[in-house]
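Descriptive structure summary
The lines below spell out each chain.
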Amino acid sequence: MNYQWNWAVFLQPSATGDGSYLDWMLSGFKMTISLSLTAWIIALLLGALVGVLRTVPNRLLSGLATAYVEMFRNVPLLVQLFIWYFVLPELLPVSIGDAYKQANPVVQQFLASVVCLGLFTSARVAEQVRAGINSLPRGQKNAGLALGFTLPQTYRYVMLPMAFRLVVPPLTSEFLNVFKNSAVCSTIGLLELAAQGRQLVDYTAQPFESFIAVTVSYIIINVTVMTLMHKFEKRIAVPGYIGGK
Amino acid sequence: MKRFALITTLAAVLSTTVALPAHADESPTLKKIKEGGSITLGHRESSIPFSYYDDKQQVIGYSHEMMLKAVDAIKAELKLAKLDTKLMPVTSANRITLIQNGTVDIECGSTTNNLERQKQVGFSSTIFVIGTRLMTKKTSGINDFADLAGKNVVTTAGTTSERLIRRMNEDKKMGMNVISAKDHGEAFLTLETGRAVAFMMDDALLYGEMAKARKPADWTVVGTAQSKEAYGCMLRKDDPGFKKVVDAALNKAMTSGDAEKIYAKWFMNPIPPKGLNLNMPLSDDMKALYKAPNDKAYE
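Keep in mind that what you see is a predicted model, and the values were worked out from it rather than measured. (Residues numbered from 1 in each chain as written. Chains lettered and ligands numbered in written order. Predicted model: local features only at pLDDT ≥ 70, side-chain atom pairs only at ≥ 80, totals over all residues.)

Let us now look at the overall build of chain A. Counting secondary structure elements, chain A contains 10 helices and zero strands. Starting at the N terminus and ending at the C terminus, chain A contains elements arranged as α-α-α-α-α-α-α-α-α-α. Overall, the C-alpha framework of chain A stretches about 70 × 55 × 30 Å when taken along its three principal axes. Split into buried and exposed, the 245 residues of chain A put 37% on the buried side. Restricting the contact set of chain A to residue pairs at least 6 apart, pairs at least 24 apart contribute 73%. (Helix = DSSP H or I, 4+ residues; strand = E, 2+ residues; numbered from the N terminus. Buried ≥ 20, exposed ≤ 12 C-beta atoms within 10 Å, placed from the backbone. Contact = placed C-beta atoms within 7 Å.)

See the structure below:
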């Protein structure tokens, strides 16, 4: 095939008059980072809570937590996103729904994306946290209770400090997944990295340059995350356990 | 006897050389089609009434019928008894790449022939001329582009309309929020659910979306056309042999009146999926095109 390479395309002013095409990529990069980090914070907080609830003896609480995990884990991310973005505003009272839908579309898209990605990932984080707690020897919990701790105290002072440190390596891959999954949000029109890349193709007809730039950007993000998480893993590793010295 | 055999062989060789058009050997696309015995046609999924699925998931539409005219001509040109046609759905975003990398041999849908795209792909004779306008609710009070200031406007990602409206927004500081939807269906959904007050797109496609609406009578197409665009079939670049065959078939259809019949079928009569009549009379630009087919881009 005869392809005209043109890497200078990124320096050209965009056809819409809002900066260069490189500015488009940078704004997409920033959008991906802010979307993924916000979603990750939601996922960590909710996931830790739900994961703990899945292991408690109270049948009602653990049942609710299980239902939560199964719901968010078993529905495709794309379907969830469409529900948050397209369906939910229609379920609101008409006046509120209409006011919301007339708001700045970027805000609407960002909200739907953050909530969707955050909750979807939280279900996966919850599973990791639960696995971490269950991997502890039963004796630890019993010892805590035998010493006179209440159940919440046992969780707080004995089990969770161990469990959270054990699950850091598997959480790293969930952290990476958040960034990769955020590309799904381009389907509702959010201009994150993948969407800007696609848009660049539409405007410049230079698909290889733009997809290579997008690929490299994702690699940069994920290598950075991996390096940081690796350092973090080393610092908090429990001696004598997997990953510890 | 020997001499006779020689003469017949010579005659046979000569006749095949004459019968085989010279450009069949030069054109990589024709060569590929001949060798594989099949051609891959790119089509759209929701570009009503140009190229879309009916309720039985069959590809139909104005552009699709024009493409089939070209396919018949290719089959005749290559003297193939049987030519398999493979259908491949394409989107605004991937159609250029799929033509370039050889996945799709020809795409007739609603693709604008412009100079920028000509750097990457080739275009056949123009098969349709459209103007970019606005669809809005009859009660919205929007009559032209100036009424859109400060409002949410939707368009389809990767289209000329997207480029024009974003440019207009920057140049005139209109403060519009431009939403770029994935395809025309999703763009109309955005309009129908009230996320945007207007949908900017090629007028023919807007009439097409109207045909799909829950209440077609609620909608109207307004505004002065911001640009004219020439739709063509996309081909691989630098393959004049293939383009010649396709152009000849399309030009013949247009000058002979066949194209006008196809036009009437899709724009002046009830069409699937809802049996709605687009009622879009033949424009002066279209009449001029049918009289003198050409492959000129407007921009």
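On we go.
Turning our attention to the domain arrangement of chain B. Accessible area lost when the parts come together is the quantity often used to give the size of an interface. All names here are of chain B. In terms of domain boundaries, chain B breaks down into domain 1 (21-130 + 229-291) and domain 2 (132-228). Each of domain 1 and domain 2 has a C-alpha centre, and these two points are 26 Å apart. In this complex, domain 1 contributes 19 residues to the contact, which on the side of domain 2 involves 21 residues. The set of elements that each furnish at least two residues to the side of domain 1 that touches domain 2 consists of β2 (46-47) and β7 (122-137). The element contributing the most residues to the side of domain 1 that touches domain 2 is β7, with three residues. (Domains from an automatic or database assignment.)

Residues and elements named next belong to chain B. Burial within β7 is extensive, with 13 of its 16 residues counted as buried. Alignment of β7 against strand β12 (residues 228-235), held across seven bridges, turns out to be antiparallel. When the bridges of β12 are listed, I130 appears paired with E229. Inspection of the sheet shows β7 paired to strand β10 (residues 198-202) by five bridges, in the antiparallel sense. Among the inter-strand pairings, R133 is bridged to a residue of β10, identified as M201. As judged from the four bridges shared by β7 and strand β11 (residues 219-222), these two strands associate in the antiparallel manner. Each residue of the ladder has a partner; that of L134, found in β11, is V222. (Pairing = 2+ DSSP bridges.)

The subject of this paragraph is unusual backbone geometry. All names here are of chain B. Cis geometry is found at the peptide bond from I48 to P49, where omega equals -5 degrees. Mapped onto the elements of the fold, P49 is located in the loop between β2 and β3 (51-53). Between P272 and P273 the backbone carries a cis peptide bond, its omega angle lying at 0 degrees. Structurally, P273 can be placed in the loop between β13 (270-271) and β14 (276-277).

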